[in-house]
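Listed below, chain by chain, are the residues.
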Amino acid sequence: MGNWVVNHWFSGLFLAAWFVLNIFLFVHAFLSFEKATKYYYTRQILGSALAWARASAHCLNFNSMLILLPVCRNLLSFLRGTCSLYRSTLRKQLDHNLSFHRLVGYMICLHTAIHVIAHLFNFERYSRSRQATDGSLASILSNLPHQENDSWLNPIQSSNTTVVYMTFTSIAGLTGVIITMALVLMVTSAMEFIRRSYFEVFWYTHHIFIIYFIGLGIHGLGGIVRGQTEESMAENHPHTCAEFFEKWDDPASHCKPPQFEGLPAESWKWILAPGILYIFERILRFYRSQQKVVITKVVMHPSKVLELQMHKHGFSMEVGQYIFVNCPSISYLEWHPFTLTSAPEEDFFSIHIRAVGDWTENLIRTFEQQYSSVPRIQVDGPFGTVSEDVFQYEVAVLVGAGIGVTPFASILKSIWYKFQHADHNLKTQKIYFYWICREMGAFAWFNDLLAALEQEMEELGKVGFLNYRLFLTGWDSSIAGHAALNFDKANDILTGLKQKTFFGRPMWDNEFSTIATAHPKSAVGVFLCGPQTLAKSLSKCCHQYSSLDPRKVQFYFNKENF
């Protein structure tokens, strides 16, 4: 429980505050419009649907203000990497930025649904009261003459005007339809299945957010929701004049016909500051992406993996960070994230790209064409991740699934350099490295690195510093039989390394139990780059095998998020 509190107390507190703020804004706005005197006559036509529409609008504005902040990656990198006021436990919470981005998106969808449904009722009631001939207060208010000072209450000025016509000819109605359609497209294309299988669809449709924010900014300019003016309330106070509405036109009456004004547009005030911040973010990223990148080496690895080694003036990185890559010859607009596999100590930076979609397949195919010139690459970054904190732990557990090994390749390379230069500031005393692959050829991606680390540890007398295990989950009987026949050999028959390859998946309960026993009083950082199902298993084990005594072994789970 103590481990969970350390890992999640800030996230829980922040989410609780965000949720409470949403409730407060909704309730405050609802009661304000439900009780405010200036909206008394408006409520006679619309009823409580007015309060529902306005309360949801306030929450929409609030969450639209927040939605861009979690994707300002330079801001997050600044907070994570350069602000000394943030402790490690607080910096970890920044890695939940995309989860918070999704939660805010869901909240926007909820309040959009409430807002749209409430206004559908409002438009229908506007239409019904306009057509009414019963002489009721709602009918009288709807039929007030369209005076020169634009003081009408009902936006439907003719009994022949339909709700559909009003929706598509008014500023509020048309922008509302556009905003809602944009939101539906963004949310549906962001579903994990589409995002994983059709990244291009997700990428392009998510940029409709520009239309969403423009539409939101001008949505309230039409002033369809109206309240009584202050001057009019002096001549026609609802509490004293509402019951005498039949005599408003009588010159002898002390109650004059009420006059109304539209609510001032407010949405732009909420989104202006984050919009400017995001524009600055994009300008900075564009400037950095235009800096020249020189590709110094291209390597084709087994299992359709491309390694690019590059150089860029002024480029500085830390272990586990990632960059965004664009290839203009394939697509001018698409930028894809890739973890850096090089170490900060090297004079170049590198990435490994596996073919998992149209863009990556086209990129690999372009580099495979021997007689064509090397395509131009644009790079934005690097950006910080949770793996930057790996050397803050006495014991580190690194778990990579397939190409998810890339951040740990950077870490292992950096360790090799630290031992080469006898770095005495290294806090980490032990590293457990697990690499789970479906194809045997994948181990060749970083085979030389692991072999070099084996040799380096032996020469320095630190064989126990790195404990790594390779797991092959896809094999046939011939591979298993061949490995079994050659099991007694010094080196593994599949990889050539001294560590034998295991067939199947790790038994995480056994692994965590062994680590907890070997390090009874250590802080153990568990780092994963892999699927969500594996993340759930590791998170559960971290909670299960952490001691209730904070002075004893504690496991801290960290997952890469792009």
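Residues numbered from 1 in each chain as written. Predicted model: local features only at pLDDT ≥ 70, side-chain atom pairs only at ≥ 80, totals over all residues. Heavy atoms only, no water.

K.L.:
Honestly, the side chain of Gln309 in this entry has me stumped. Any pointers?
P.N.:
As for its placement among the helices and strands, Gln309 is situated in strand 4 (residues 305-312). The class of Gln309 is buried, set by a relative accessible area of 13%. Residues within four places of Gln309 in sequence aside, it is in contact with Val294, Ile295, Thr296, Lys297, Phe348, Phe349 and Ser350. (Helix = DSSP H or I, 4+ residues; strand = E, 2+ residues; numbered from the N terminus. Buried < 20%, exposed > 50% of the residue type's maximum accessible area, 1.4 Å probe, protein only. Contact = heavy atoms within 4.5 Å.)

K.L.:
Looking at this model, I keep getting lost on the sheet that holds strand 12 (residues 501-503). Mind explaining?
P.N.:
Pairing between the strands of a sheet is mediated by backbone hydrogen bonds and can be parallel or antiparallel. Spatially, 6 strands are ordered 12-11-10-9-13-14 in an open sheet, and the strand pairing comes out parallel. At either end of the open sheet lies a strand with only one pairing partner, and these are strand 12 and strand 14 (554-559). Direction aside, the axes of adjacent strands within the sheet are offset by 20° on average. Packed on one face of the sheet, helix 17 (residues 406-420) meets strand 9 (395-401), strand 10 (430-437), strand 11 (466-472) and strand 13 (523-529) and runs near 140° to strand 9. Helix 20 (residues 508-518) rests against strand 9, strand 10, strand 11, strand 13 and strand 14 of the sheet, and its axis sits at about 170° to strand 10. (Pairing = 2+ DSSP bridges. Axes fitted to C-alpha atoms, helices over the stretch in contact; angles between N-to-C directions.)

K.L.:
Quick question: what am I supposed to make of helix 9 (residues 171-189) here?
P.N.:
One full turn of an α-helix is made of 3.6 residues, so residues set three or four places apart face in the same direction. For helix 9, built from 19 residues, the straight-helix expectation of 27 Å at 1.5 Å per residue is met to within 8% by its first-to-last C-alpha distance of 27 Å. Ala172, Gly173, Thr175, Gly176, Ile179, Ala182, Leu183, Met186 and Ser189 are the residues of helix 9 that are buried. Residues of helix 9 that are buried make contact with helix 6 (97-131), helix 8 (163-169), helix 10 (192-197), helix 11 (199-206) and helix 12 (209-218). (Expected span 1.5 Å × (residues − 1).)

K.L.:
Looking at this structure, how should I read the pattern of salt bridges?
P.N.:
Between side chains of opposite charge, a pair can form as their charged atoms come close. Applying the stated rule across the entire model yields 4 salt bridges. Between Asp380 and Arg285 there is a salt bridge whose closest N-O contact spans 2.6 Å. Residue Asp380 is found in strand 8 (residues 378-383), and its partner Arg285 is found in helix 15 (residues 267-289); the two are separated by 95 residues along the sequence. Exposure class is identical for Asp380 and Arg285. Each is buried. Its salt-bridge partner being Arg469, residue Glu511 comes within 2.9 Å of it at the nearest N-O pair. Of this pair, Glu511 sits in helix 20 while Arg469 sits in strand 11, and the two are 42 residues apart along the sequence. For Arg469, a relative accessible area of 25% corresponds to the partly exposed category. (Salt bridge = Lys/Arg side-chain N within 4 Å of Asp/Glu carboxyl O.)

K.L.:
What is the right way to read the nonpolar core from this model?
P.N.:
One recurring pattern in soluble globular proteins: nonpolar side chains tend to sit buried together. Within the largest apolar cluster, 56 residues are counted, with the highest numbers of intra-cluster contacts made by Tyr41, Leu141, Tyr212 and Trp248. If you list the elements that add at least two residues to this core, you get helix 1 (2-35), helix 2 (40-46), helix 3 (49-66), helix 6, helix 7 (137-142), helix 9, helix 12 and helix 15. In terms of nonpolar packing, the next biggest core, distinct from the first, is built from 37 residues, Val319, Leu426, Trp445 and Leu453 among them. (Core = buried A, V, L, I, M, F, W, Y, C linked by side-chain atoms within 4.5 Å.)

K.L.:
Just to check I follow, could you spell out the packing of helix 3 against helix 6 for this structure?
P.N.:
Between two packed helices, what matters for the description is the angle formed by their axes and the separation of those axes. With their axes 8 Å apart at the nearest point, helix 3 and helix 6 run at an angle of 155° to one another. Relative to helix 6, the element helix 3 is oriented roughly antiparallel. Helix-helix and strand crossings are classified by hand; for helix 3 and helix 6 the assignment is left-handed. Residues belonging to the contact of helix 3 with helix 6 are distributed by class as follows: 15 nonpolar, 8 polar and 1 charged. (Parallel < 35°, antiparallel > 145°, perpendicular 65-115°, else oblique. Left-handed = near helix turned anticlockwise from the far one by under 90°. Nonpolar A, V, L, I, M, F, W, Y, C, P; charged D, E, K, R; others polar.)

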